[in-house]
Amino acid sequence: MTPNHLLIVAAVAFPLTACSDMSPTQQRALTGTTGGAAGGALIGAIAGNAGMGAAIGAGAGLAGGLLYDYHKRTEQSAYQRGVQTGQSQKGS
């Protein structure tokens, strides 16, 4: 591997290690925000203002990440209720 390849691998791997001690909610919010900012910057660059596009995309991505987190937490809660109901009926 050339030094450039190592630098690229390190640049990709470093941010991923920073997420290891975050809660799932924080990880989903961060993922949504960065994805939205990247998409917004791309669209903004096409429209002529990448900074504004990135800011709007980051806000939209954050909202999307938090909505997805709410969905996953609700899903997990429903699953746990189902497991508890099944265990209580099994014992009856």
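Within each chain, residue numbers correspond to sequence positions counted from 1 in written order. Local features in this predicted model are restricted to residues of pLDDT 70 or higher, and side-chain atom pairs are both shown and tallied only at a pLDDT of 80 or more, whereas totals for entire chains, interfaces and linings draw on every residue. As a rule here, side-chain values come from all non-hydrogen atoms in the structure, and water together with hydrogens is ignored.

A. Up close: the overall build of the protein chain. Numbering of helices and strands runs from the N terminus; a helix is a DSSP stretch of H or I covering at least four residues, while a strand is a stretch of E covering at least two. On a plain count of helices and strands, the protein chain comes out with 3 helices and 0 strands. Its helices and strands in sequence order give the protein chain the pattern α-α-α, from N to C terminus. Relative accessibility thresholds used throughout: buried, under 20% of the residue-type maximum; exposed, over 50%; partly exposed, between the two (1.4 Å probe, protein chains only). Going through the 92 residues of the protein chain one by one, you find that 13% of them count as buried. Pairs at least 24 apart in sequence give 49% of the contacts found in the protein chain among residues at least 6 apart. As displayed, the protein chain has an accessible area near 6,900 Å², and 68% of this comes from carbon and sulfur atoms. By the convention used here, residues are in contact when the closest approach between their heavy atoms is within 4.5 Å. Working definition of accessibility: Shrake-Rupley area with a 1.4 Å probe, residue cover restricted to the visible protein chains.

B. Structural detail: helix 2 (residues 24-47). Relative to the 34 Å expected for 24 residues at 1.5 Å per residue, helix 2 spans 34 Å between its end C-alpha atoms, a close match to the ideal helical length. Here helix 2 has its buried residues at Ala29, Gly32, Gly36, Gly40 and Gly44. Once helix 2 finishes, Gly48 follows within two positions and takes phi at roughly 115°, a positive value. Multiplying 1.5 Å by the residue count of a helix minus one yields the expected span of that helix.

C. The pattern of salt bridges, seen in detail. Salt bridges, as used here, are contacts in which a Lys or Arg side-chain nitrogen is within 4 Å of a carboxyl oxygen on Asp or Glu. Taken as a whole and judged by the stated rule, the model has 3 salt bridges. The shortest N-O distance in the salt bridge between Asp69 and Arg73 comes to 2.8 Å. Of the two residues, Asp69 and Arg73 are both situated in helix 3 (residues 50-91); the distance of 4 residues between them amounts to about one turn of the helix. By relative accessible area, Arg73 is classed as partly exposed at 48%. Between Lys72 and Glu75 there is a salt bridge, with the nearest N and O atoms lying 2.9 Å from each other. Taken as a pair, Lys72 and Glu75 lie in helix 3 at a separation of 3 residues, close to a single helical turn. Residue classification places Lys72 among the partly exposed residues on the basis of a relative accessible area of 25%. When salt bridges that share partners are traced, they join Arg28, Asp69 and Arg73 into one network.

D. Here's a closer look at the side chain of Asp69. The class of Asp69 is buried, set by a relative accessible area of 1%. Other than its neighbours up to four places away in sequence, Asp69 contacts Pro24, Thr25 and Arg28.

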